There are 2 protein chains.
Amino acid sequence: MLNYNYLFEIIKDKDRIKLGKEIDEKYLSDAIKRNKGEAEVLVFPINNEEVSLIMKFSYENNIIVTPRGAGTGLVGATIPTNGGIVLDLSLMNKILELDKENLTITVEPGILLKDLQEYVEKIELFYPPDPGEKGASIGGNISTNAGGMRAVKYGVTRNYVMALELVLANGSIMNVGEKVIKDSSGLDLKDLIIGSEGTLAIITKATLKLIPKPKKSVSILIPFNSLDKAIDSVIKIINKNSKPTAIEFIEKDVIENAENYLQLKFPDDKGEAYLLLTFDGDEDSEVISNYNKAKEVCLNNGAIDFIILNKIEDIDRTWKIRGALVTAVEAVSEQEPIDIVVPINKTAEFINYTKEVQAKYGIKITSFGHAGDGNVHLCVIKGSMGEEEWNKKSVLLLGNLYEKSKELGGLPSGEHGIGLNKRPYFLKVTDKVNVDYMKKIKSVFDDKNILNSNKAY
Amino acid sequence: MLNYNYLFEIIKDKDRIKLGKEIDEKYLSDAIKRNKGEAEVLVFPINNEEVSLIMKFSYENNIIVTPRGAGTGLVGATIPTNGGIVLDLSLMNKILELDKENLTITVEPGILLKDLQEYVEKIELFYPPDPGEKGASIGGNISTNAGGMRAVKYGVTRNYVMALELVLANGSIMNVGEKVIKDSSGLDLKDLIIGSEGTLAIITKATLKLIPKPKKSVSILIPFNSLDKAIDSVIKIINKNSKPTAIEFIEKDVIENAENYLQLKFPDDKGEAYLLLTFDGDEDSEVISNYNKAKEVCLNNGAIDFIILNKIEDIDRTWKIRGALVTAVEAVSEQEPIDIVVPINKTAEFINYTKEVQAKYGIKITSFGHAGDGNVHLCVIKGSMGEEEWNKKSVLLLGNLYEKSKELGGLPSGEHGIGLNKRPYFLKVTDKVNVDYMKKIKSVFDDKNILNSNKAY
């Protein structure tokens, strides 16, 4: 075994290095906790200099490094599969600069999404990306190009990253991007890093774009007799230019499961399926004019009702239940979370296909998610199925789902990333030439293949 | 000299191949016409198959290929500097699909921006990127990540490219992206191609995002006593969340020059400097509420007036003059067009610096451009200066400008690209590690260095 003593020279504070059995299990896994890796060392650097020295050491000694943020990932990207060093960036969580003139904030990667959102909203600014997991780190959000509910109106994390400071595999430091909106100055290295799941470089600083905080926000619940009708309305809502912030869909049985789990009642029970819309803006007139366009569309398209949630407790209950859908599933069974993305007009076809494979394999699938951007979240639920049967059937079922998404012009992941868990499926449905070029680009950044190796692509 | 006869087997139509002296000069240069290259062959392919066969042939025979669209570039990216083949994609200009449900349009790269805009606006849809040069091709727009005036509200070309079909240097075909908003599926090859100025691959198809066409649009002219006051108002307009579509600035002398050139009168003459704003939306109330926020800000910040342009002829005259600023300069003198981009709050400082170097070198610089995104357009004007003095001094002056932009946290190009003309400056102000990685990535895509080689980075 390699001598890691040199790390104690870099990291003066001994508490920030854990060796072998001192390493808590949670640092060897992710939020799913199913798979567990192995590592010789866990390090908590506090600045880019330490990260750089750790990478230099690792590069010289061919040590695999697995970076991690808050550990909320769902695809195994933070699981150390080849030993070596786990590089935990959670202590690098400072806000470095708020630039009120250019509307940017510069942060360390370990800051949590919820802390960033709270900080900027207190001063009437707004960081639009809003992934469901508020306890994720910004570095993690950037590494998976996290999306979230507000993507319909505001776009995804990629659209808000203006600049990054990176530590490269060999320990050198690179800065990409500036506080500018337009850039036609050489190859776009910044966007290559965003969504690369820690396979190309370590993010040590990020400058993010902010916008003024919208003064008004309205949540609306729309029950339908069938999911088809609900999904069919989504395209019409968007094409009517009603500018919704979010368009979520939920089926009745998924709601009931979450109601039981939270012991909370959903504000309505008339629908077999629901759309949950939000609208925001600065003026009541703007918000009302926008949601009225959606109202007309929905009522003409078979909506049973169009419920504007006025009471704070109704809004709270609704979003608490929406937020707990996955946890409620997990409370009763092991599950495989999927975040396939398809063109918006293929959403219904894809969801109907999930019902087909559900019947074919006898495995329950619940679906919900971001109807406004075709990002369908599925929980493929093990339930009481035996381990062996589950292992065999779930792989076949997942293979079918990924094949279908490709056929519909979709992609394996909208926001969670590929990591370890989806890698076999990703490699199967992605053109070989694309995977080849991804691997070659990795070699440019990481010629010794030490950075989160054998993940994603 | 190599035998190009094989090309006549690929391209059956002889009219689409020009050899040696048959090649019209315009295909050896760009819109600036200052530099001229040399090429053995000019080819006009009409489909991806032909492009693929041409690239296979070029790859096997180590022939340099210089791709071009409509030839409206300003930085020499389309000048063949190493002989070989000029690949003109202007005949590949068809609209392949309009997808009204997902709001996308799929086109060949040679289609002109104005033709695309006209086509979609006729059916009440909207392609938001709006670079000044409407005769540019979409392939060219993608290759420089063109920005334009509406970037303040809508973003740049990058934000509207959903998928690309590419022919690689070795002739193989690659597809990147899908009709989806969210993507966390492996490395982001698509964004690497956008803005790569034809150095990585040939774009043979593009799927672009559309939005519903805003029903209302208002142009507003705001005279100020000084440019400083005008620019200072810009940040306040944005931070007030008034959602302008475009914020342009123009100085009086630049307007006068264009007035003389066009023999047209600008609607106002009270200001030393002007902001020209547009607002759009679906409802009058929304547009009015937004521009009233800007009105309050401007009048509190020293604006002489706030002129809402109601007459169609006033709007026409204003935008005609705005559109002719560069042409008017070029009518009287050779000039070097610059499109440096700086953080918005550094715009005034940068423009003031241009006045300093103007005095220092005795070279006239006019400035105008996109105040809302820090993208400053400068014309560095030769005037009556002798050739030798101009060659010496203009290089020093440009060097100063690029150094200053770096110091202010800016970048060499916001939307025109680097090409040939800005390359020495780009290489000087860009960190060596970034340039190294760009070159290494180029080697992944183009190991024989045949695609638009020695351009940009």
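Values in this document were obtained by computation on a predicted structure and should not be read as measured data. (Residues numbered from 1 in each chain as written. Chains lettered and ligands numbered in written order. Predicted model: local features only at pLDDT ≥ 70, side-chain atom pairs only at ≥ 80, totals over all residues. Heavy atoms only, no water.)

### Considering helix H7 (residues 227-239) of chain A
The end-to-end C-alpha distance of H7(A), which contains 13 residues, comes to 19 Å, matching closely the 18 Å that a straight helix rising 1.5 Å per residue would cover. What H7(A) keeps buried is the set Leu227(A), Ala230(A), Ile231(A), Ser233(A), Val234(A), Ile235(A), Ile237(A) and Ile238(A). Structurally, H7(A) contributes buried residues whose contacts are with strand S12 (216-224), strand S13 (246-251), strand S14 (273-281), helix H9 (284-300) and helix H12 (347-361) of chain A together with strand S11 (211-212) of chain B. After H7(A) finishes, the residue Asn241(A) shows a positive phi value of roughly 60°. (Helix = DSSP H or I, 4+ residues; strand = E, 2+ residues; numbered from the N terminus. Expected span 1.5 Å × (residues − 1). Buried < 20%, exposed > 50% of the residue type's maximum accessible area, 1.4 Å probe, protein only. Contact = heavy atoms within 4.5 Å.)

### Focus on the relation of the copies chain A and chain B
Placing chain A over chain B gives an RMSD of 0.0 Å and needs a rotation angle of 180°, together with 0.0 Å of translation along the axis. In symmetry terms, the pair is related by a two-fold rotation axis. A share of 100% of interface residues in chain A that are also interface residues in chain B marks the association as one of identical surfaces. (Least-squares fit on C-alpha atoms with pLDDT ≥ 70 in both.)

### Quick notes on the packing of helix H8 (residues 252-262) of chain A against helix H11 (residues 325-332) of chain A
Residues and elements named next belong to chain A. For the pair H8 and H11, interaxial distance at closest approach is 9 Å and the crossing angle is 75°. On the basis of their axis angle, the class for H8 and H11 is roughly perpendicular. Residue-level contacts link Val-254, Asn-257, Ala-258 and Tyr-261 of H8 to Leu-325, Thr-327, Ala-328, Val-329 and Ala-331 of H11. (Axes fitted to C-alpha atoms, helices over the stretch in contact; angles between N-to-C directions. Parallel < 35°, antiparallel > 145°, perpendicular 65-115°, else oblique.)

### Quick look at the interface of chain A and chain B
Counting residues at the interface gives 78 residues for chain A and 78 residues for chain B. Both sides of the chain A and chain B interface together cover about 6,400 Å² of buried area, and 57% of this is carbon and sulfur. Our count for the chain A to chain B interface comes out at 8 salt bridges. Residue Lys182(A) is joined to Asp373(B) by a salt bridge in which the shortest nitrogen-to-oxygen separation is 3.0 Å. (Buried area = accessible area lost by both parts, 1.4 Å probe. Salt bridge = Lys/Arg side-chain N within 4 Å of Asp/Glu carboxyl O.)

### Some words on the environment of Met149(B)
Residues and elements named next belong to chain B. The residue Met-149 is located in the loop between helix H4 (138-143) and helix H5 (151-154) in this model. A residue is classified by how much of its surface remains accessible, and Met-149, at 11% relative accessible area, is buried. As a C-alpha pair, Met-149 and Ile-247 span 98 residues in sequence and 7.3 Å in three-dimensional space.

### What about the domain arrangement of chain A?
All names here are of chain A. As far as domains go, chain A holds domain 1 (5-88), domain 2 (95-212), domain 3 (216-325) and domain 4 (333-433). With 14 residues of domain 1 at the interface, the matching set in domain 2 holds 17 residues. Together, the buried faces of domain 1 and domain 2 total about 1,100 Å²; carbon and sulfur atoms form 68% of this surface. Taken together, domain 1 and domain 2 are joined by 0 salt bridges. Linking domain 1 to domain 2 there are 2 residue pairs in polar contact (both at pLDDT 80 or more). If one sorts the elements of the side of domain 1 that touches domain 2 by residue count, helix H2 (residues 48-60) sits on top with 6 residues. Taken together, the residues that form the side of domain 1 that touches domain 2 break down as 9 nonpolar, 4 polar and 1 charged. (Domains from an automatic or database assignment. Polar contact = N/O pair within 3.5 Å; in protein donor to acceptor, adjacent residues only side chain to side chain. Nonpolar A, V, L, I, M, F, W, Y, C, P; charged D, E, K, R; others polar.)

### As for unusual backbone geometry
If a residue is not glycine, its phi is most likely negative; likewise, a peptide bond is most likely trans. All names here are of chain B. With a phi angle near 55°, Leu-103 is a residue other than glycine that sits in the positive phi range. For Leu-103, the location among the structural elements is in the loop between strand S5 (95-99) and strand S6 (104-107). On the basis of relative accessible area, Leu-103 is assigned to the buried category, the value being 6%.

### Examining the packing of aromatic side chains
Overall, the coordinates contain 20 aromatic pairs over all chains when judged by the stated rule. Aromatic side chains Phe266(A) and Tyr274(A) sit 5.3 Å apart centroid to centroid with 80° between the ring planes, which places their arrangement in the edge-to-face category. An identical accessibility class is assigned to Phe266(A) and Tyr274(A); each is buried. Between Tyr291(B) and Phe306(B) the ring centres are 6.4 Å apart and the planes differ by 45°, which places this aromatic pair in the tilted class. Linking Tyr291(B) in helix H9 (residues 284-300) with Phe306(B) in the loop between H9 and strand S15 (307-309), this pair joins segments that are 15 residues apart in sequence. Each of the two residues, Tyr291(B) as well as Phe306(B), counts as buried. Grouped by ring-pair contacts, the aromatic residues Tyr4(A), Tyr6(A) and Phe57(A) constitute a single cluster. One Lys or Arg, Lys448(A), reaches over the ring of Tyr59(A) and ends 4.5 Å from the middle of that ring. Just above the ring of Tyr437(B) sits the side chain of Lys440(B); from NZ or CZ to the centre is 4.7 Å. (Phe/Tyr/Trp six-rings, centres within 6.5 Å; stacked < 30°, edge-to-face > 60°. Lys NZ or Arg CZ within 6 Å of the ring centre and 35° of its normal.)

### Quick word on the sheet that holds strand S9 (residues 173-177) of chain B
Residue and element names in this part refer to chain B. Pairing in this open sheet of 5 strands is antiparallel, and the strands run S5-S6-S10-S8-S9 from one edge to the other. Single-partner strands in this sheet number two, and they are S5 and S9. Shown here is a sheet whose adjacent strand axes are inclined to one another by a mean of 10°, direction ignored. Relative to S6, S5 runs antiparallel, the two sharing 4 bridges. (Pairing = 2+ DSSP bridges.)

### Quick look at the pattern of salt bridges
Residues and elements named next belong to chain A. Following the criterion strictly, the structure yields 71 salt bridges over all chains and no others. Ionic pairing is found between Asp-88 and Arg-68, a salt bridge with its closest N-O pair at 3.7 Å. With a gap of 20 residues between them, Asp-88 in strand S4 (residues 85-88) and Arg-68 in strand S3 (residues 65-68) connect regions that are remote in the sequence. The exposure class of Asp-88 is buried, given its relative accessible area of 2%. Arg-158 is the salt-bridge partner of Asp-191, the closest N and O atoms lying 2.9 Å from each other. Here Asp-191, found in helix H6 (residues 189-193), pairs with Arg-158, found in the loop between helix H5 (151-154) and strand S8 (161-168); they are 33 residues apart in sequence, far enough to count as distant. Side by side, Asp-191 and Arg-158 carry an identical accessibility label, which is buried. Linked by salt bridges that have partners in common, Asp-13, Arg-16 and Glu-50 make up one network.

### Describing the side chain of Lys182(A)
Looking at where Lys182(A) falls in the secondary structure, it is placed in the loop between strand S9 (173-177) and H6. A residue is classified by how much of its surface remains accessible, and Lys182(A), at 0% relative accessible area, is buried. Of note is the side chain of Lys182(A), whose polar atom sits 3.0 Å from the side chain of Asp373(B). In this structure the side chain of Lys182(A) is engaged in a polar contact, spanning 3.4 Å, whose partner is the side chain of Asn375(B).

### Here's the deal with the environment of Leu96(A)
Residue and element names in this part refer to chain A. As for its position among the elements, Leu-96 is in strand S5 (residues 95-99). Taking the C-alpha atoms as reference points, Leu-96 and Val-107, 11 residues apart in sequence, are found 5.2 Å from one another. Look past the residues within four positions of Leu-96 in its chain and what remains in contact with it is Thr-106, Val-107, Glu-108 and Lys-205.

### Re the pairing of strand S16 (residues 335-338) of chain B
Residue and element names in this part refer to chain B. Burial of S16 is two-sided: the residues Gln-335 and Pro-337 facing one way and the residues Glu-336 and Ile-338 facing the other way are all buried. When S16 meets strand S18 (residues 375-381), the two strands line up antiparallel, connected through 4 bridges. Bridge assignment links Gln-335 to a residue of S18, and that residue is Ile-381.

### A look at the sheet that holds S8(A)
Residue and element names in this part refer to chain A. Pairing within the open sheet is antiparallel, and its 5 strands lie in the order S5-S6-S10-S8-S9. Edge positions in the sheet fall to S5 and S9, since each has one partner strand and no second. Within this sheet the neighbouring strands show an average axis-to-axis angle of 15°, counted without direction. Sheet topology places S8 next to strand S10 (residues 201-209); 7 bridges connect them, and they run antiparallel. Each residue of the ladder has a partner; that of Glu-165, found in S10, is Lys-205. Against the sheet, H2 makes contact with S8, S9 and S10, and its axis sits at roughly 45° relative to S8, the strand it touches most.

### A few points about H9(A)
If you check H9(A), its first and last C-alpha atoms are 24 Å apart, about what 17 residues at 1.5 Å a residue would give, namely 24 Å. With its phi angle positive at about 95°, Gly302(A) sits one or two positions after the end of H9(A).

### Some thoughts on the side chain of Thr204(B)
Residues and elements named next belong to chain B. Within the element layout of this structure, Thr-204 appears in strand S10 (residues 202-209). Side chain to side chain, Thr-204 and Glu-165 meet in a polar contact 2.6 Å long. When residues no more than four places from it in sequence are discounted, the contact partners of Thr-204 are Asn-48, Val-51, Met-92, Glu-108, Pro-109, Glu-165, Leu-166 and Val-167.

### A look at the packing of helix H7 (residues 227-239) of chain B against helix H12 (residues 347-361) of chain B
All names here are of chain B. Across the interface, H7 lies against H12 with an axial gap of 9 Å and an inter-helix angle of 155°. Here H7 lies roughly antiparallel to H12, going by the angle between them. Counted together, Leu-227, Asp-228 and Ile-231 of H7 and Thr-347, Ala-348, Ile-351 and Asn-352 of H12 form the full contact between these two elements. Looking at side-chain class alone, the contact of H7 with H12 contains 4 nonpolar, 2 polar and 1 charged residues.

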